[in-house]
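Descriptive structure summary
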Amino acid sequence: MTIAIVVVILLGYLFIATEHVTHVNKALVAILCGTVGWVLFMCTGTSFINAMHAEEYQAFLDASQNTILSSKMFISEHIFLRYVGQVGELVLYLLATMSIVEVLTNNECFSFIEKWLRRRNTAQMLWLTVLVTFLLSACIDNLTVTVLMLMILRKIIRNAKQRMYIGSAIVIAASCGGCWTVIGDVTSLMVWGKGAVTATNFSAALVLPSIVATVIPTLLIQRKLPEYLDLDRPAYSFRGDDSILAWWQKLLLFFFGIGGLWFVPSFHRITLLPPFLGALCCLGVVWVLNEIINVNRIRTEQPQSISLGRKLQYEVLQVIMYCVGVCLCVDVLTEIGAMRAVAGWLDDNIHNIYLASAFMGFMSSVLDNIALVMAGINIYSVLPLDAVQSGYMESFVQNGQYWHLIALSGNVGGCLLPIGSVAGFALMRAEGVTVWWYLRRITLFAFMGWVASLGTYFLVDHFLR
């Protein structure tokens, strides 16, 4: 049965990697493979739990009244529910942040970005766009930021080729900006949720490498663009509608929405409660403000602008379902001992965390960085500091190098191809960018930024230690 489970999940990963060819939604594939994997595990679970949970299972048998269904009951109550709890925390966090962003977009709290970025000078426009994307993606998921910025870009720039280049810079900035905070990306959130890193140490270690990985490709992309951009005429909205929020109301919502998300790590450190509760608390505050500010609109039943919000909601819901499926796949691989076998092979044959992270970075550019990083996170356990002397195994303690490099290489390496990240897929759908176009014009730039970021991380880590 081990072989059958591994084959099913590997086939699923193959379909995920070739979504741009098969046009089969990878969220569907991930959910299906994760479900089938757990069903197969349940069919012959006794051998697995005897190998992985022998003592705990024996204690359960001694207390169980139903020996016929004891193995299935043990799997359901003591194994599967534990993983469901972890997945549930991730889903609730993503739903909370998605709702916050939808409230902000429906109130046009990001409208100032379009006005700020509308510049004909290429250097000013490109670097401001990259800066805004980098900062927003540090607290909002990469896909939401990428879709938001690409839609703003389409309103500003008329020339499709210019949008493709700047859109590629947006994808890189969103991926790099999301990997230096524990709330900026699904993979970083998973590393933090596992207890492998602390928020302050994680950001301190990765902020400079992330900046380097963003700046180098942006400099090279700038050389591919003309000195002045072909801008579209701005669309002016009717100012006589009293339902349009004042600038200070939009700023207030923006401050509480984005500022509340930045407070989530502090909320977790102070209360020791899961991060999703902090995000839900932020959502509650933003929602109350939304009700107060829009009281006239609500009373008169005037509709809000929801086109962008619905688009973001649809895209992010697919990512949430995809993450659930990938988590189920990785969890069942962990329970059948496949992850332990991979860890043993890496220890015996590679024995170098930089090479291991580089391999996962290259693989994430083809497969998907979420799937690869989640698998990489679950290959090893977080080792207690007092149980490790020094050397290679020291990389797997809390705040060890391995956890930093997995997040960095997974996100930055996923930019080598547009199919390596959800942000890249958004660019392909929005601007018609093909894998071949991206490979010829952007991949080398992203690779140079990735190599430079690894070198920067090595220097920063050496200095901090």
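Below, the structure is looked at part by part.

Cut-offs applied
- Residues numbered from 1 in each chain as written.
- Predicted model: local features only at pLDDT ≥ 70, side-chain atom pairs only at ≥ 80, totals over all residues.
- Heavy atoms only, no water.
- Helix = DSSP H or I, 4+ residues; strand = E, 2+ residues; numbered from the N terminus.
- Buried < 20%, exposed > 50% of the residue type's maximum accessible area, 1.4 Å probe, protein only.
- Salt bridge = Lys/Arg side-chain N within 4 Å of Asp/Glu carboxyl O.
- Core = buried A, V, L, I, M, F, W, Y, C linked by side-chain atoms within 4.5 Å.
- Contact = heavy atoms within 4.5 Å.
- Phe/Tyr/Trp six-rings, centres within 6.5 Å; stacked < 30°, edge-to-face > 60°.
- Lys NZ or Arg CZ within 6 Å of the ring centre and 35° of its normal.
- 1 Å grid on protein atoms, 1.4 Å probe; cavity = no way out; pocket = protein on both sides within 12 Å on 5 of 7 lines; lining within 4 Å.
- Points joined across faces, edges and corners; volume = space filled by probe spheres on them.
- Nonpolar A, V, L, I, M, F, W, Y, C, P; charged D, E, K, R; others polar.
- Patch = residues over 30% accessible without salt bridge, like charges linked within 9 Å, V, L, I, M, F, W, Y side chains within 5 Å.
- Areas by Shrake-Rupley, 256 points an atom, 1.4 Å probe, with all protein chains shown as cover.

In this structure, leucine 272 takes a positive phi of about 65 degrees despite not being glycine. Relative to the assigned elements, leucine 272 resides in the loop between α14 (264-271) and α15 (275-293). Backbone geometry at asparagine 399 places phi at a positive 65 degrees, although glycine is not the residue there. You can see asparagine 399 is positioned in the loop between α20 (369-379) and α21 (401-413). The buried category is assigned to asparagine 399, whose relative accessible area is 16%.

A few words now on the pattern of salt bridges. What the rule picks out here adds up to 5 salt bridges. Across the pair glutamate 114 and arginine 118 runs a salt bridge, and its minimum N-O distance is 3.3 Å. For glutamate 431, the salt bridge is made with arginine 163, and the minimal N-O distance between the two is 3.0 Å. With a gap of 268 residues between them, glutamate 431 in helix α22 (residues 422-431) and arginine 163 in helix α10 (residues 160-178) connect regions that are remote in the sequence. For glutamate 431, a relative accessible area of 11% puts it in the buried group. Here the salt bridges do not stand alone but share partners, grouping Arg154, Arg163 and Glu431 into one network.

Another point: the nonpolar core. When a protein is soluble and globular, its nonpolar side chains tend to lie buried together. Ranked by size, the top nonpolar core spans 150 residues in total, and within it Leu117, Leu136, Ile140, Ile166, Met374, Tyr380 and Tyr402 carry the most contacts. If you tally residues by element for this core, the top one is helix α6 (residues 70-106), at 15 residues. Beyond its immediate stretch of four places on either side in the chain, tyrosine 402 contacts Ile353, Met360, Gly376, Ile379, Tyr380, Ser395 and Phe396.

To describe a pair of aromatic rings, one takes the distance between the centres and the angle between the planes. Scanning the entire structure with this criterion turns up 17 aromatic pairs. Both rings, one in phenylalanine 362 and one in tryptophan 450, keep their centres 5.0 Å apart while their planes meet at 70 degrees; by these two values the pair is edge-to-face. Placement of the pair is phenylalanine 362 in helix α19 (residues 353-366) and tryptophan 450 in helix α24 (residues 443-464), with a sequence separation of 88 residues. Overall, the relative accessible area of 42% leaves phenylalanine 362 in the partly exposed class. Taken together, the aromatic side chains of Trp38, Phe41, Phe80 and Tyr83 make up a single cluster linked through ring pairs. For the cation-ring pair, lysine 26 lies above tyrosine 322, with the distance from its terminal atom to the ring centre recorded as 4.9 Å. Sitting over the ring of tyrosine 83, arginine 82 keeps its end group 5.1 Å from the ring centre.

The topology assignment puts serine 175 in helix α10. Assessed through its relative accessible area of 1%, serine 175 is described here as buried. Aside from chain neighbours lying at most four places away, what touches serine 175 is Asn142, Asn411, Cys415 and Ser421.

A few words now on the layout of surface pockets. The space that makes up the second largest pocket amounts to roughly 830 Å³. Tallied by class, residues from the lining of the second largest pocket come to 21 nonpolar, 9 polar and 6 charged.

There is a patch of nonpolar side chains on the surface, built from Phe362, Leu444, Phe447, Met448 and Val451 and spanning about 440 Å² of accessible area. When residues of the nonpolar patch are assigned to their parent elements, the largest contribution, 4 residues, is made by α24. With respect to the helices and strands, the residue methionine 448 is situated in helix α24.

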